[in-house]
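A look at the structure
Below, each chain spelled out in residue letters.
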Amino acid sequence: MNTTDLTELFNTDENRCERCREKCKCDREREQHVHEILGSTLLAECCKDAHNHRFATVSGEAIRSGQSHVHKIKFRTDSYEGHYHEFEGTSGPAIPVGDGRHVHFAKAFTREADGHKHEFRVATLIDNPIGD
C-alpha cells in the first residue's frame, strides 16, 4: 500500500474522529449519546406555600441542529403536598467543556399543576465521562 492509499484510508468517515478528536466527535458518535440530567426547580408560591421540586432523567438521543445538536428532555418532578410537575422540551446546543466533551443547558417552565408552575435552569452532566 502506498502513501496515497493510506491517505485515502484515513480520510474515510470511519476514521474522521482520529483526525479531529480535540475539535469534535464524528457525526455518528455525536448522534449516539445521551446525557444525565438532575436538578431542582426554582421556588413557586412564595407568598402562599413556598416550595420547589427535584427531578432526574436521561435525555433522548442527539438530534442534529445546525452545526451542533440538541436533546429531547422529559421528566416528572418529585411530589409535594400531593402534586408534581412535568416538562417536555429540548435542550440548547452543545457547549464544549474541553477534551472533546460537552454539556447542554436548558431554561424553561414546568407544566402547571395545583395552580402554579416552576421555572428551572439546568446543565446536563458531561457526555461520556469516563470514555477515551
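Coordinates for the structure precede this section.
Residues numbered from 1 in each chain as written. Predicted model: local features only at pLDDT ≥ 70, side-chain atom pairs only at ≥ 80, totals over all residues. Heavy atoms only, no water.

**Brief notes about the nonpolar core**
Counting residues in hydrophobic clusters, the biggest one holds nine residues: I37, F55, I73, F75, F87, A106, A108, F120 and V122. For this core, the elements supplying multiple residues, two or more each, are β4 (68-76), β8 (105-109) and β9 (119-123). (Core = buried A, V, L, I, M, F, W, Y, C linked by side-chain atoms within 4.5 Å. Buried < 20%, exposed > 50% of the residue type's maximum accessible area, 1.4 Å probe, protein only. Helix = DSSP H or I, 4+ residues; strand = E, 2+ residues; numbered from the N terminus.)

**Re unusual backbone geometry**
With phi around 55°, E45 is a residue other than glycine that occupies positive phi space. Along the chain, E45 turns up in the loop between β1 (36-40) and β2 (54-58). Its relative accessible area of 18% is what places E45 among the buried residues.

**Re the state of the cysteines**
Going through the model one piece at a time under the given rule, you end up with zero disulfides. Here C46 is not cross-linked by a disulfide; its sulfur's nearest cysteine counterpart is in C47, at 6.6 Å. With a relative accessible area of 55%, C46 lands in the exposed category. Relative accessible area serves as the criterion here: at 86%, C47 is assigned to the exposed category. (Disulfide = S-S within 2.5 Å.)

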